[in-house]
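Structure assessment
One letter stands for each residue in the lines below.
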Amino acid sequence: MQQSLHLPDIECLTAFVAVAEAGSFNAAGQRLHRDATVVSRRVNSLEEILGVRLLERSTRRTALTEAGEAYLHRVRPLLQELIAAGQETERFSDGEPRGRLRLALPGSFGRMWLMSLLVEFRETFAAVSLDVSFSNRFVDLIGENFDLAIRLGVLPDSRLVSRKLADRKRMIVASPGYLSKRGTPATPQDILAHDCLIFTGKANPTAWEFTAPRGGQLSIPVTGRFASDDAEALVHAAVAGHGLLYATDWLVGRELADGRLVGILDRFPIPDEGGIYVVHPSTQHIPNKTRAFADWITQRFSQPLSWQLRQTS
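Computed from a prediction, not measured in an experiment: that's the story for all the values here. The numbers attached to residues start from 1 for each chain and follow its sequence in the written order. At least 70 in pLDDT is required for a residue's local features to be given in this predicted model, at least 80 for side-chain atom pairs to be given and counted, and no such filter applies to totals for whole chains, interfaces and linings, which use all residues. Heavy atoms throughout the structure, all of them, feed into the side-chain values; hydrogens and water do not.

**Quick look at the packing of aromatic side chains**
Our working definition: To pair, rings of Phe, Tyr and Trp, with the six-membered ring standing in for Trp, must have centres within 6.5 Å; the planes then decide the type, stacked if under 30 degrees apart, edge-to-face if over 60, and tilted in the middle. In DSSP terms, a helix is any run of H or I states spanning at least four residues, a strand is any run of E spanning at least two, and both are numbered starting from the N terminus. For every residue, the accessible area (1.4 Å probe, protein chains only) is compared with the maximum for its type, and the residue is labelled buried under 20%, exposed over 50%, or partly exposed between those bounds. Either the NZ atom of lysine or the CZ atom of arginine qualifies as a charge over a ring when it sits within 6 Å of the ring centre and within 35 degrees of the ring normal.
Counted under the stated rule, the structure contains 7 aromatic pairs. For the pair Phe 121 and Phe 125, a centre-to-centre distance of 4.7 Å together with 35° between the ring planes defines the contact as tilted. Seen from their ring centres, Trp 208 and Tyr 246 are 5.5 Å apart, and the 40° between their planes marks the pair as tilted. Here the residue Trp 208 occupies a position in strand β9 (residues 207-211), and Tyr 246 occupies one in strand β12 (residues 244-248), the gap between them amounting to 38 residues. Residue classification places Trp 208 among the buried residues on the basis of a relative accessible area of 1%. Relative accessible area serves as the criterion here: at 12%, Tyr 246 is assigned to the buried category. Cluster of aromatic residues (ring-pair linked, three or more members): Phe 121, Phe 125, Phe 293 and Trp 296. Just above the ring of Tyr 246 sits the side chain of Lys 202; from NZ or CZ to the centre is 5.2 Å. Here Arg 254 stacks its cationic end above the ring of Trp 113, 4.6 Å away from the centre of that ring.

Right, here's the structure in full:
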């Protein structure tokens, strides 16, 4: 019958190699900053596990047995490799950030507002390589082996650690040309007479929600001749004068800034509990690369980006 294998711990191996190299328990204890009796107990424990005597002890000296010589020959390079591996791995959690960082970013938002920031991050942290996935779905960070994600909306996953980077604002926009031809809605009910650009990625694409000036919620059924699951395509359609668009501030920030689109119905804000977040799986033993990116992107968002500057100007 095969016997179970009892492996010694690294402290026992370290004590044995130190005694073999230093020639005595006292000298090994000084090297390891341990009392000689502690070193002796660990070597005794190793011999009990192996079932063989590794060292001959006398009042004057300590010498390796034949078994000890053979064991030292095999164990010392393994111990050196193990120590080197630990030191190399520690650099991922301490010191300069390094290694491959897998990021999951929202498609449109990532392309529009994060690409330039990723370039800045790479220039700042040269030892970190980026592996970036752009997708509008909420990826499983743990199951799909992502280090970190930027997410929009409401966070459903309590296993993730999150930091809110910024608020977002929903709004209704249209091109000046469209409004000059069709008129500017004064109330949400006026939308019923307008063409609407319908984003099919919305949970209920044909209902636009508003908050009345005195409180209460309004849900307006909308119709239109242009629908898409691509928000950027709908922005182009709105700029071209094809209708009203239910949008997010970051999505139309550039068009609002240069006047190609204008906001309407400001007296009737659109309810939205969501925001922009950076998320990662755990607060324990976070790789330095992950911590560095989370801290860095948080700092960058503490200075309003261009679509946020327009809101505060």
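**Here we look at the packing of helix α1 (residues 10-22) against helix α3 (residues 36-50)**
Where we set the bar: Orientation is described by axes fitted as lines to C-alpha atoms, over the contacting stretch for helices, and by angles from 0 to 180 degrees between their N-to-C directions. Angles are sorted into four bins: roughly parallel if under 35 degrees, roughly antiparallel if over 145, roughly perpendicular if 65 to 115, and oblique for all others. Contacts are assigned to residue pairs with any non-hydrogen atoms lying within 4.5 Å of each other. Ten residue types, Ala, Val, Leu, Ile, Met, Phe, Trp, Tyr, Cys and Pro, are classed as nonpolar, four, Asp, Glu, Lys and Arg, as charged, and the remainder, Gly among them, as polar.
Between α1 and α3, the shortest axis-to-axis distance is 8 Å and the interhelical angle comes to 110°. Relative to α3, α1 is oriented roughly perpendicular. From α1, Glu 11, Cys 12, Leu 13, Ala 15, Phe 16 and Val 19 reach across to α3, where they touch Val 39, Arg 42, Val 43, Ser 45 and Leu 46. Residue composition of the contact of α1 with α3, by class: 8 nonpolar, 1 polar and 2 charged.

**Overview of the sheet that holds strand β13 (residues 262-264)**
Each strand in a sheet pairs with another by means of backbone hydrogen bonds, the pair being arranged parallel or else antiparallel. Just so we agree on the cut-off: Only when DSSP finds a minimum of two bridges between them are two strands counted as paired.
The strand order β11-β8-β12-β7-β13 describes an open sheet built from 5 strands, whose pairing is mixed. Whereas interior strands pair on both sides, the edge strands pair on one side only; in this sheet they are β11 (226-228) and β13. Ignoring strand direction, the axes of neighbouring strands in this sheet form an average angle of 40°. Two elements, strand β8 (residues 196-199) and β12, share 2 bridges in a ladder whose sense is parallel. Following the sheet pairing, Cys 196 is matched in β12 by Leu 244. Across the sheet, helix α7 (residues 231-239) lies against β8, β11 and β12, angled at about 175° from β8, the strand it touches most.

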